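Residues per chain, in single letters:
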Amino acid sequence: MARISFPEVGFGEHVDWALQRPEMAKGMGKFSAAVYGSTQLDVREREAARYTIAQINHCAVCQATRAERGPEAGIDEGFYGEILNWRESEVLTDRERLAAEFAYRFALDHLTMDDAFFDEMRTAYTDEELADLSICCGMFLGLGRTMAVVGVPAPEDRLLV
């Protein structure tokens, strides 16, 4: 149960709580839609970053969410298990491991994201892709942390992004 009270509107707790501030909720929705609808990252790379941050945030909604195009991209529950161990994974590609590392540092250790780290990232990603990944991680961290703080539970029906 969420930590703040709100009227049930019918969208599910993961949305209804924010509708107490409708203009702000619209902005959150637009940011989320822009990230999921406009990212040029491969879905596996996006999910490597998203799920890494979901674990860090302890966001029940984010942890339970899955990629809508996941099955066609070869994403199953085993893939999410590999993300949990991205440092040692022999299944994830270099780009997927780097996306998870980027997300990890973004969320927990951003001061280590120095020029040397970006040089390493550029061995696999273009600057445009790094901008994309940065914006994605900002949304994942901010909105996921917000839902975790509010205590929003995962909806009964799995969200697909």
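Here the structure is shown first, and the text comes after it.
Every chain is numbered independently, its residues counted from 1 as its sequence is written. At least 70 in pLDDT is required for a residue's local features to be given in this predicted model, at least 80 for side-chain atom pairs to be given and counted, and no such filter applies to totals for whole chains, interfaces and linings, which use all residues. Only hydrogens and water are removed before side-chain values are computed, so all heavy atoms of the structure are retained for them.

How should the packing of helix α3 (residues 43-57) against helix α6 (residues 94-108) be read in this particular structure?
For any two helices packed against each other, one specifies the crossing angle of their axes together with the interaxial distance. Comment: axis = line fitted to C-alpha atoms, over the contacting stretch for helices; angle = value between 0 and 180 degrees taken between N-to-C directions. A helix here means a DSSP run of H or I that spans at least four residues, while a strand means a run of E at least two residues long, and both kinds are numbered starting from the N terminus. Relative orientation of the contacting elements α3 and α6 amounts to 35°, with a least axis distance of 8 Å. As α3 runs across α6, the sense of the crossing is right-handed. Within the contact between the two elements, α3 uses Arg-44, Glu-45, Ala-48, Ala-49, Thr-52, Ile-53 and Ile-56 and α6 uses Arg-95, Glu-96, Ala-99, Ala-100, Ala-103, Tyr-104, Ala-107 and Leu-108. In this scheme the crossing of two helices becomes right-handed for a clockwise turn of the near helix relative to the far one and left-handed for an anticlockwise turn of less than a right angle. By the convention used here, residues are in contact when the closest approach between their heavy atoms is within 4.5 Å.

Which parts of the structure should I look at to understand the packing of aromatic side chains?
Both the distance between ring centres and the angle between the ring planes are used here to describe each pair of aromatic rings. Pairs were defined over the aromatic rings of Phe, Tyr and Trp, the Trp ring being its six-membered one, requiring ring centres within 6.5 Å. Orientation was assigned from the angle between planes: stacked under 30 degrees, edge-to-face over 60, tilted for the rest. Under the counting rule described, the total for this entry stands at eight aromatic pairs. Seen from their ring centres, Tyr-51 and Tyr-80 are 4.9 Å apart, and the 65° between their planes marks the pair as edge-to-face. Of the two residues, Tyr-51 sits in helix α3 while Tyr-80 sits in helix α5 (residues 77-84), which places them 29 residues apart along the sequence. Each member of the pair Tyr-51 and Tyr-80 is classed as buried. Centroid distance Phe-102 to Phe-106: 6.2 Å. Interplanar angle 25°. Geometry classified as stacked. Here Phe-102 pairs with Phe-106, and both are found in helix α6, just four residues apart, close to one helical turn. Burial classes: relative accessible area under 20% of the type maximum marks a residue as buried, over 50% as exposed, and values in between as partly exposed (1.4 Å probe, protein chains only). Phe-102 gets classed as buried once you look at its relative accessible area, which sits at 1%. Using a relative accessible area of 24% as the deciding quantity, one classes Phe-106 as partly exposed. Ring pairing ties together the aromatic residues Phe-102, Phe-106, Phe-117 and Phe-118, which thus form one cluster. Lying over the aromatic face of Tyr-80, Arg-66 brings its terminal NZ or CZ to 4.1 Å of the ring centre. Above the plane of the ring of Tyr-104 lies Arg-87, whose end atom (NZ or CZ) is 4.8 Å from the centre. Charge over a ring is defined by NZ of Lys or CZ of Arg lying within 6 Å of the ring centre and within 35 degrees of the ring normal.

Any chance you could explain the nonpolar core here in plain terms?
Across soluble globular proteins, nonpolar side chains show a tendency to be buried alongside one another. Among the buried residues, those of types Ala, Val, Leu, Ile, Met, Phe, Trp, Tyr and Cys that are joined through side-chain atoms within 4.5 Å form a nonpolar core. Ranked by internal contacts, the top residues of the largest apolar core, which has 46 residues, are Phe-102 and Met-121. Of the residues forming this core, the biggest block, 11 residues, is contributed by helix α8 (residues 127-150). For Phe-102, the residues in contact, after removing those within four places along its chain, are Met-113, Phe-117, Phe-118, Met-121, Leu-130, Leu-133, Ser-134 and Cys-137.

Just to check I follow, could you spell out the side chain of Asp-132 for this structure?
Locating Asp-132 in the fold gives a position in helix α8. Charge assignment in this entry is limited to Lys and Arg as positive and Asp and Glu as negative, and neither His nor the chain termini are counted. Salt bridges are defined by distance alone: a side-chain nitrogen of Lys or Arg within 4 Å of a carboxyl oxygen of Asp or Glu. Within the buried set, Asp-132 has no salt-bridge partner at all; the shortest N-O distance to an opposite charge, 8.7 Å, is to Arg-46. The term polar contact refers here to a pair of N or O atoms within 3.5 Å; inside protein, the definition further demands a hydrogen-donor-capable atom paired with an acceptor-capable atom, and it admits residues adjacent in sequence only when both atoms are side-chain atoms. In terms of polar contacts, Asp-132 uses its side chain to reach the backbone amide nitrogen of Gln-40, at 2.7 Å. When neighbours within four sequence positions are excluded, Asp-132 is seen to be in contact with Ser-38, Thr-39, Gln-40 and Leu-41.

Could you clarify how one ought to interpret α6 in this entry?
Because each turn of an α-helix spans 3.6 residues, side chains separated by three or four positions in sequence point in the same direction. With 15 residues, α6 ought to run about 21 Å at 1.5 Å a step, and its terminal C-alpha atoms sit 21 Å apart, in line with that. On its buried face, α6 is in contact with α3, α5, α7 (115-121) and α8. Expected span of a helix: the number of residues minus one, times 1.5 Å.

What's the story with the packing of α3 against α5 in this structure? I'm lost.
With their axes 9 Å apart at the nearest point, α3 and α5 run at an angle of 60° to one another. Classified by the angle their axes make, α3 and α5 are oblique. Once α3 is placed against α5, the crossing between them reads as right-handed. In contact with Arg-44, Glu-47, Ala-48, Arg-50, Tyr-51, Thr-52 and Gln-55 of α3, α5 contributes Phe-79, Tyr-80, Ile-83 and Leu-84. Polar here means any residue outside two lists: the nonpolar Ala, Val, Leu, Ile, Met, Phe, Trp, Tyr, Cys and Pro, and the charged Asp, Glu, Lys and Arg; Gly therefore counts as polar. Looking at side-chain class alone, the contact of α3 with α5 contains six nonpolar, two polar and three charged residues. Between 65 and 115 degrees an angle is taken as roughly perpendicular, under 35 as roughly parallel, over 145 as roughly antiparallel, and anywhere else as oblique.

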